[in-house]
Amino acid sequence: MMSRPPGYLKAISDGSADASLLCRSNGLICHANQAAGKFFNNYYATGVAIDTYLTFSATKNGVGDVLLSWVEVTNPLTFENDRKQTDGIGKNASGNRFPVTIDIVKVEICRSTSVGEYTSSEKQGPSKQPECFFFLRIRDITPAPMQVASLEGNITKQSGTQDAILRASGQVVVVVDSSGMIRRVSDGLAEMFGYEQGSQLRNRHLSTLFQGKADRFIAKNSSDQIVQVENQQDVKMNLQVGSSIILPNNHLSEIHTAITIKKIIEKKTINPQWQEQYKPQSESSDRKFERKDDDITLGILDASFDSLFVMTEQCIIQMVNATSCKMFGFTEDEFIGKNIRMIMTSQVASKHDEYVSRYLKTGIKKMMGTQREVVAQRKDGSTFSCVLGLSQCKKSGMICGFIRDLSVDKASKAVLIKKEAELIDKEVQLINKETETKEIMNDLIKNQNVVNGILDASFHSLFVIDENCIIQMVNKKSCDDFGWTKEEFVGKNINMIMTHDVAVNHDKYVRNYLSTRIKKMIGTQRQVTARRKDGSTFPCTLGLSETQNCGLYCGFIRDLTQEKKSESEMIKKNQELANNQSLVLGILDASFHALFVINEAGIIQMVNNKSCDAFGWTKEEFVGENINMIMPAHIAINHDGYLKNYFKTGIKKMIGTQREVMACRKDGSTFPCMLDLSEAKGSGMICGFIRDMTLQKEVETAMIEKNKALQDTHSVMSGILDAAFHALFVINEQCIIQMVNAKSCEVFGWSKDEFIGKNINMIMPSNVAVHHDQYMKRYLETGLKKMLGTQREVTAQRKDGSSFPCVLGLSETQQPGLVCGYIRDLTEEKAHQAEILEKQLAAEKLSKELQANQNIIMGILDAAFHALFVINEKCIIQMVNKKSCEVFGWEKEDFIGKNINMIMPDHVAVNHDQYMKHYLETGMKKMIGTQREVTARRRDGSTFPCVLGLSETQQSGMICGFIRDLTTEKAAQAALIAKNKELEINQSLVMSILDASFHALFVIDEQCIIKMVNVKSCEVFGWTKEEFIGQNIKMIMPPDTAKHHDGYMKNYLETGMKKMIGTQREVTAQRKDGSTFPCKLGLSETKESGLICGFIRDLTTEKAAEAEILAKQRLTDKIIDASFDAMFVINERGIIEMVNDASEKVFGWSHDEFIGQNIKMIMPECRAVNHDRYLKKYMETGVKKMIGTEREVEARRKDGSTFPCILGMTEVDNGESRQFVGFVRDITDQKKKLDVAESERDAADALLYNVLPEHIANRLKQDPTHIADLYGNTTILFADIVGFTDRTSLMSPQELVLMLNDIFSRFDYLVDVYGLNKVKTIGDCYMVTSIPSHELEHDGCARVCRFALDMMRAVEAFNKSGPRHGRISFRVGISTGQVVAGVVGTKRFLFDMWGDAVNVAARMEQSGLAGQIQVTKEVVESAGDDFTFDLRGTLSIKGKGPMEVYILKSANELLRRSEIERRHSTLSVLPPRRALSLFDKFDDMLPFC
C-alpha cells in the first residue's frame, strides 16, 4: 500500500461536520479535526486522556477505560463488527456538560518506525508495526435552541415570540426532574390536557399526563414516539412525544428532562358550502391559488442545477435561466429571440428544423417527454455531453427543455440566485451657463421675494454648503422633510442629516475632492439614505452641483419613501402567496376572539372554535343560519334591513369600525362585547371578530367606584393648584418634595410620581445642586432668611438635561417645616428679547447677503431636478430655469414675456386665462398649494404627462410652478403591469417547467412547512403532492437529522447567519418506505417572502460510480506499490508529489524525505545542475525529448553511489495542473549479465569468424539455411610439410601438436593481415583462399602470393628458433579460377570449396618442390607486375594433362611492407577482443615481417 502524504488523515476528518477524535488504545488523543475545536471550545489537546472530555452514560466509566477493555476483550459493552454507538456526556472548556452520541470504530493502523506517520495499511513490511486505534465521531444531542432557552430559564416568563412559535408549531413543552415531578410547563399544555391553568400541573408526577407511560421519557434522550393518552374530559388523544436530557448548569442543580408534545390532529371534512364558496373557478385560478410570487418562481428556476430553455414551436428561445448562460457562455440577450440550434453541433443543427417540422405535422413524439444523452456546443465552439429532457405546455404550446451537463464536476459551486436590478430614474444633471446665470441674477435682484417663494415651492429639499461642509441655506421643504428649523440647520455641518456610518467619513471625502478636484458625486444623482431629527432614516435621491466662482455647493434631496412604498405595495399586490386552507383554519381556531364570516344575505359561512365556546352553539348549528341568532331580539329584527341598505348604498357605518354592542348566547343570556367588522374585497363576504368584554366591564366598574371617593376629596385643591400659571413645589426641611402641580410637570418634564419623594435639587444645575442642602441646613440652624420672602432670577434644569432661565419665589407655609416655591419660566421673555435683537441683526445681514446670494440662488434653481416657471397675475412668464428649456425645447428668450399657456395643450390653453382671472377675483385656491397630474406640450407639439405643483409667493403676487416629467415613471409602471400580466399568463408554463426538472424541488416557509413540490419530488421520495403539502420538511430526513432541523431553522431566523443557504451540500435523504439515499441539496432564499427553495439531486448512481472508481484506484495503488520499478510523480516545477515503495528501496531515501524535494536529488551532479532549465524549456516550448520515451541514464542513491537505469517519462494533464510520471528501472544486474553475454557473444563470433569468412558468418547468423554459391575469380593455396609422416614417428603427440600450433598460428596471423580465407587444415596441409566474392576481385591473387612468400619467411623464422626435431620445409601450390563454395553440415561448420581450380592448386602443391611456391600460368597473369616468377616448365598434371608451371620467387619489398602496414591498420575495426589478439601476434611476428 502506498504511504499517504502528510496530513492525509486530517484532510479527511476535517471534512466532517461532527467532532472526530483518533485515540490510541491507552485512551490518549493523537488527532482531532477542526469540528472538535468548536465542539469543545478549543478545550481538547493531543496527548491528553479522552476521559477528560467524555464519559459513557450507561456505565459512568471514562471512555478511555472502555477502549482499553475492548482491546483486552473484556469490554462490558457489546460491539459488533468493530463498531459501537452509545450515549455519553461531554464537557467543554467552560465546564459545562452536555449529552452526546458517540460512534466508535476500531481500526488497525500501521505506524512507520522511521517517521511516525500513521497510515492505514494492508501490507506489513519489516519497518511497519501494527497498532490498535479508535476513531470516535461525537454528535451533540442537546435540545434545540428554542427549547433550551425556554427550559433553562423560566418557561412561564419566556417572550411572547417563543410562545407564538410553539403555538404555531402545535407543540408544548414540559420539564421534569430526575424523579419525574413536573417543574415547568409551557403555554398550551393545560389547554391540551383539559386543565384550567398550567400551575395545576406543577409538582405533580408526569404519569398524571401519560398514565403509566411516563418512564419512557424521564432522564432519557428519545426520538419522537406516538403515544395515546386521555385528557381530563376522558377524550383520547394521539400525541407525538420526544425527550431530551438537560444537564446541571447555572440554572438547574440536577438532571432534568425536556419533553416536547405535539397533538396529532386528524383531517376534518370542510363544510361543503364553505368549500364550494372558495373552490377555484378554473384551472388558471387554481394555478394562481397554488403559485408563489413571481420572484420566488424566478428564484427557483435560477437556483436549478440544470440549464433551462423555454422556446416556441418554431424553436425560438423565449426564456433561459442563469445556469444556461453560465453553461453555454452566451448572455441572456444573446439567447432571447435566437433559434435553439445555436447550442447544437453543426451536424445536428442542420437537420433540427426538419425534425421540428415533422413533429408539428404528425404530432408523433420522439424526444418530447423523454430524457436523452446528446452533445451540446458552447459559445467558444467546445462541445460536451449532456442529458436533454423536453416537455410541452398544453395551453401555451411552449416547449421547455432542461439540460444537465454530464461533464461538470460534482464539486461545482451552486448557481447564485439572480437578483433583479432596481429601476432608478436617472435625470440629466444641469450645467450652469454663465450668460444665463447673469440674466437670472438680474431678475432675482429685482424681486428677492419671488426667489424665496420659488425655493420654498420646490418639491425637494435644498441645501447649500460651503467648502467646510457648513450649511449656508435651506428651503422650507428641507425643514418639512428633516424636522429641524432653518435656524437649527444654518451654521451646522451637513453630516447632521447623514447616517452615522456615512457622517464619520464625509468631511474626509470633501477634503479629498478639494485637493484632487476629482468629481465622484458632483454633477451626478445617487440614491442614498438620509436621517431625520428624530433619528429615523429614509431613502432619497441626492443631486449635487458646484456653483461657479463662489466655492459653494448646492444639493437637492428628493424623498423616495412614498415611491418605494408604492413600488413595494405594487410588487406585494402581484406576489400574494396562495393561502393554505388547513393553515388558515388553524390560525382562525387559535384566535382569542370569536370569528364569524357571513354573506350578503347575513347567512353564516364560517365560525371558529372560540365562537362555539363563547355562544354555546356547535359549528354545525352555526353554519347556514342567519347571524341575527346571536343578537338581542330588538336588534335582530332590523339587522337584515341594515345589511341590505349597506350593499345597496355602499355607505359604511359599522364596516371598518369597532363598536361596543350586546350579544346573546344559546341559553338566552346576554353579555357586552366589542364588534370589529371588515369586508373581504371581491368576495362579498363580511368578517366579524367579537371580543367578550364581561370581565373588562366588571374591572372598570370596580375601579371607577374606588377612585370616585379619592377624586371628590382632592378635586377642589388639585384644581386650584393645577390652574396656577407657574410651577409650584412644596418641600420639607430635608428638601424632599411633598407636592407639585400640573404646571411643574409641564415645565420640567417629570411626572408627579417622579417628583414626589425626591430632593428638590433634581431641578437645579449640578453646580447649584451640590450646595443646596447646605443652604437649607444653615437656614434651619440660624433662622437667617436670604431667599425666603424674595424673588430672584435663577437657572433651572429639565428632565432632558436642558436648562432655562426662571424667577424663583419662596415662602414658608403655615404648617411648620414646609416651604412653598413658585417658579416662573422666563424662556419666552428671553427669547422675545433675543428675537427683537436677532431681527435687527438679520435685517442688516440680509441687506449685505442679497448680493452675495445671487450666484448661489441661480445655481440652485438651475440645479433643480424639475422645470420651473414664475408667472405674474396676467400669466406672463417672468422667469424659467434651465431644466424648463431642456424639457420643453424653447430657449429662455422664447419663454420670457410669453403667456404660460404656450406649454399647455390647446383644449386647456383656451381656458387658462379665465381660470387665473377667477382666482384673482374670488381668492379661491384650487390648484395653488397642491400637486396635480396634468398634460404638458413641448415646442415640437408632442405632449407628455407631468406633475404640476403651484405656490404663490408672498407680497409679490407672483406664482411659482414646478413641473416634473412623468414619462419615465409611466413607462416603468406600464412595463411592470405588462410584466405582471405576462407572468400570470405564463404561470401554467412555469409549473410545467418545474415539473420537467431533473431534480426534486421543495419550497418551505419559516416553520419548515412544505408549501410546494414538483413531480420529481413525488417520484424520488414516494409520497404524493397532497401527502407532502402542509407537512414538515423533516419527513424526508433520517431521524438523527430530523430531530435537530427545526432548531437549525430557528437559529438561522434569529441570527441571520447562513450556513446552508446559498450553498450545495451532500446529505442523506429518506424515502416514504424508510430507505435512505445520498443526495446533493442546494438551498436559496426568495426575497422578502420568507420562503426557502431547495433542489435535491439523487447521487445514488454517482456514488456507485465513485465507489467503483475508488475500488479501481485502490487496486491501482496496490499495483503501483507492487511494481519492481521506482515511480515518481512530479509537478511543473520538478517537485516530488508521490513515490512508491520501490523508490525507497532503490534509492535509500524514505517517503517523507522524498515528498516536497526536487527530483534532481536522484541525479548525478553533472545532470542535476541543468534539469530545472530543461523542464522550464519544455513547459515553454512543448517540444518533447524525454516525454513518451525510454532512455538509459545514470541515477544517484542517498549514499552518493550511482547506477545505470532505464527512465520512462509520461505527462498527465488533470485539468488543473500538469504532472509528470516517471518509472526508473535499475539495470545494474542486467548490465552485468549483458557484459557477460557480450563477452560470450564476442568469443562465439571470433570462433565463427575463425571458421568462416566474415560475410559468410554474418549471412549464417541472419539465415541459418544452407549457403552455396558459385564464385568466378578465387585464388586457392595449398601448403604441406615435406616428410611429415617420417617426422611424426620421431615425435610425441604433445610435441607434434605444439609444433603444428606454432607454425599454423603464424600462418593464421598472416591470414588476418592479408584478409584471406582460411578454409581448413588437414593433418599437415594448410588451405587458404582469397575471400570468395561475386564482385571481381583485383588484388585477391596478389594478396595470396604475398601471403605465400610470408609463409616461407615464417617457416624460416621457425627453423631459426632451433626446433628440437630439426628444420622443416613446406611445399606450396597456388591456382586461380572458378569455384563452388558453401557451408557443409550442422555441427562444426566448415566453409569448403570445390571445383577444378581447387584440384589444380592441390596438384601444384603435390608436384611442387620443397621450400618453393609453385603456381599456374593463370596465377602469373593475375598477380601483376609486382612479383617475380621463374618458369619451371611443363608438367603432366593428374586430371589436367600437360601444364606450364612457375615458381614464385619474390615481390616488390616496398609494396609488401606498405601492404602489411595497411592491412595491420584494418585490424582496429575488427571486434575488440579479436583485434587485441591479433595485435599481440603481430608484435611476435615483427622480427620476420
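Residues numbered from 1 in each chain as written. Predicted model: local features only at pLDDT ≥ 70, side-chain atom pairs only at ≥ 80, totals over all residues. Heavy atoms only, no water.

(A) The overall build of the protein chain, seen in detail. Scanning the protein chain from N- to C-terminus turns up 49 helices and 55 strands. For the protein chain, with 1489 residues in total, the buried portion stands at 42%. In the protein chain, once contacts between residues fewer than 6 apart in sequence are set aside, the share between residues at least 24 apart is 50%. Total accessible area computed for the protein chain in this model is approximately 81200 Å², and 52% of it derives from carbon and sulfur atoms. (Helix = DSSP H or I, 4+ residues; strand = E, 2+ residues; numbered from the N terminus. Buried < 20%, exposed > 50% of the residue type's maximum accessible area, 1.4 Å probe, protein only. Contact = heavy atoms within 4.5 Å. Areas by Shrake-Rupley, 256 points an atom, 1.4 Å probe, with all protein chains shown as cover.)

(B) Region of interest: the packing of aromatic side chains. Scanning the entire structure with this criterion turns up 44 aromatic pairs. Aromatic side chains Phe596 and Phe622 sit 5.2 Å apart centroid to centroid with 80 degrees between the ring planes, which places their arrangement in the edge-to-face category. A residue pair is termed long-range when its members are at least 10 positions apart, and Phe596 in strand E23 (residues 594-598) and Phe622 in helix H22 (residues 619-622) qualify at 26 residues. Under the relative-accessibility criterion, Phe596 is labelled buried at 4%. The class of Phe622 is buried, set by a relative accessible area of 0%. Measuring from ring centre to ring centre gives 6.4 Å for Phe615 and Phe622, while their planes differ by 85 degrees; the resulting arrangement is edge-to-face. (Phe/Tyr/Trp six-rings, centres within 6.5 Å; stacked < 30°, edge-to-face > 60°.)

(C) The arrangement of the pattern of salt bridges in detail. Following the criterion strictly, the structure yields 44 salt bridges and no others. Of the charged contacts, one joins Arg341 and Asp353 as a salt bridge, the two residues approaching to 2.4 Å between their closest N and O atoms. Within this pair, whereas Arg341 is found in the loop between helix H12 (332-335) and helix H13 (346-362), its partner Asp353 is found in helix H13, the two being separated by 12 residues in sequence. Relative accessible area serves as the criterion here: at 38%, Asp353 is assigned to the partly exposed category. Where Glu933 meets Lys970, a salt bridge forms, and the shortest distance between an N and an O atom there is 2.7 Å. (Salt bridge = Lys/Arg side-chain N within 4 Å of Asp/Glu carboxyl O.)

(D) Local environment of helix H37 (residues 1100-1122). Over its 23 residues, H37 runs 33 Å from end to end, which matches the ideal 33 Å to within 8%, given 1.5 Å per residue. Restricting attention to buried positions, one finds in H37 the residues Asp1117, Ile1120 and Asp1121. Taken together, the buried residues of H37 touch strand E43 (1126-1130) and helix H38 (1141-1147). (Expected span 1.5 Å × (residues − 1).)

(E) Focus on the pairing of strand E32 (residues 819-825). As paired strands, strand E28 (residues 727-731) and E32 are joined by 5 bridges and run antiparallel to one another. Of the residues in E32, the one forming a bridge with Ala727 is Ile823. Where strand E31 (residues 803-812) and E32 come together, 7 bridges link them in antiparallel fashion. Along E32, the bridge assignment pairs Val807 with Arg824. (Pairing = 2+ DSSP bridges.)

(F) Broad picture of the environment of Val172. If you trace the backbone, Val172 turns up in strand E8 (residues 171-177). Residues Val172 and Ile259, spaced 87 residues apart in sequence, show a C-alpha to C-alpha distance of 8.4 Å.

(G) Region of the structure containing the sheet that holds strand E41 (residues 1076-1085). The antiparallel open sheet is built from 5 strands, whose spatial order is E39-E38-E42-E41-E40. Since the sheet does not close on itself, it has two edges, and those belong to strand E39 (1010-1013) and strand E40 (1064-1070), each with one partner. Strand-to-strand twist of the sheet, defined as the mean angle between neighbouring strand axes without regard to direction, takes the value 30 degrees. Direction of pairing for strand E38 (residues 1000-1004) relative to strand E42 (residues 1092-1098): antiparallel, over a ladder of 5 bridges. Note that in E42 the partner of Phe1002 across the bridge is Gly1094. (Axes fitted to C-alpha atoms, helices over the stretch in contact; angles between N-to-C directions.)

(H) Fine view of a positive patch on the surface. Together, Arg1167, Arg1173, Lys1177, Lys1185 and Arg1191 give the surface a local cluster of positive charge. Top contributing element to the positive patch by residue count: helix H40 (residues 1165-1181), with 3 residues. Of note, Arg1167 is situated in helix H40. By relative accessible area, which is 46% here, Arg1167 ends up partly exposed. (Patch = residues over 30% accessible without salt bridge, like charges linked within 9 Å, V, L, I, M, F, W, Y side chains within 5 Å. Lys, Arg positive; Asp, Glu negative; His and termini not counted. Charge placed at Lys NZ, Arg CZ, Asp CG, Glu CD.)

(I) Region of interest: helix H18 (residues 500-516). Relative to the 24 Å expected for 17 residues at 1.5 Å per residue, H18 spans 25 Å between its end C-alpha atoms, a close match to the ideal helical length. The sharpest bend along H18 measures roughly 40 degrees and falls at His506. All buried positions along H18 are accounted for by Ala503, His506, Val510 and Tyr513. Those residues of H18 that are buried are in contact with strand E21 (537-546) and strand E22 (553-559). A positive backbone phi angle near 60 degrees is found at Arg517, which sits one or two residues after H18. (Bend = angle between axes of the 7 residues up to and from the residue.)

(J) Spatial organisation of the side chain of Ser461. Relative to the helices and strands, Ser461 is located in strand E18 (residues 461-465). Residue classification places Ser461 among the buried positions, given a relative accessible area of 0%. Reaching out from Ser461, the side chain makes a polar contact with the backbone oxygen of Lys477 at a distance of 3.5 Å. In this view, Ser461 contacts Asn475, Lys477, Ser478, Asp481, Phe482, Gly555, Phe556 and Ile557; residues no more than four positions away in its chain are not counted. (Polar contact = N/O pair within 3.5 Å; in protein donor to acceptor, adjacent residues only side chain to side chain.)

(K) Structural view of the sheet that holds strand E46 (residues 1202-1213). Taken in spatial order, the 5 strands of this open sheet run E44-E43-E47-E46-E45, and their pairing is antiparallel. The open sheet has two free edges, formed respectively by strand E44 (1136-1139) and strand E45 (1190-1196), since each of these has just one partner strand. With direction set aside, neighbouring strand axes in the sheet form an average angle of 35 degrees. Bridge count for E43 against strand E47 (residues 1218-1226) is 5 bridges, and the pairing is antiparallel. Across the sheet, the residue bridging to Met1127 is Phe1223, located in E47. Together, E46 and E47 form the strand contacts of H40, whose direction differs from that of E47 by roughly 135 degrees.

(L) Highlighting the packing of helix H44 (residues 1293-1314) against helix H45 (residues 1340-1360). Interhelical geometry of H44 versus H45 gives an angle of 150 degrees and a closest axis separation of 10 Å. Comparing their axes, H45 and H44 come out roughly antiparallel. Regarding H44 and H45, the two cross each other, and that crossing is right-handed. Between H44 and H45, the residues in contact are Met1299, Asp1302, Ile1303, Arg1306, Phe1307, Leu1310, Val1311 and Tyr1314 and Arg1343, Arg1346, Phe1347, Asp1350, Met1351, Ala1354, Val1355, Ala1357 and Phe1358, respectively. Class assignment of the residues belonging to the contact of H44 with H45 gives a composition of 12 nonpolar, no polar and 5 charged. (Parallel < 35°, antiparallel > 145°, perpendicular 65-115°, else oblique. Left-handed = near helix turned anticlockwise from the far one by under 90°. Nonpolar A, V, L, I, M, F, W, Y, C, P; charged D, E, K, R; others polar.)

(M) Geometry of the nonpolar core. Formed by 44 residues in total, the largest nonpolar core has its most connected members in Met1299, Phe1307, Phe1347 and Phe1370. Sort the elements by how many residues they give to this core and H45 lands first, with 12 residues. (Core = buried A, V, L, I, M, F, W, Y, C linked by side-chain atoms within 4.5 Å.)

(N) Geometry of a nonpolar patch on the surface. Together, Leu1270, Val1380, Val1384 and Trp1394 make up an exposed nonpolar region whose accessible area comes to about 350 Å². Looking at where Val1380 falls in the secondary structure, it is placed in strand E51 (residues 1370-1384).

(O) Inspection of the confidence of the model for the protein chain at higher detail. When pLDDT is averaged along the protein chain, the result is 78; 75% of the residues meet or exceed 70. When mean pLDDT is compared element by element in the protein chain, strand E53 (residues 1413-1416) scores highest at 96, while helix H9 (residues 283-290) scores lowest at 34. In the predicted structure, residues 577-584 sits below a pLDDT of 50 and forms 14 contacts with residues beyond four places in sequence or in another chain. pLDDT under 50 marks residues 1468-1489. Its contacts with residues more than four places away, or in other chains, come to 31 contacts. (pLDDT = per-residue confidence, 0-100.)

(P) How the structure looks around the environment of Ala503. Relative to the helices and strands, Ala503 is located in helix H18. Separated by 10 residues in the primary sequence, Ala503 and Asn493 place their C-alpha atoms 9.7 Å from one another.

(Q) Representation of unusual backbone geometry within the structure. A positive phi angle, close to 65 degrees, is found at Asn203, a residue other than glycine. In this structure, Asn203 sits in the loop between helix H6 (189-193) and helix H7 (207-210). A positive phi angle, close to 60 degrees, is found at Ala219, a residue other than glycine. In this structure, Ala219 sits in the loop between H7 and strand E10 (222-230).

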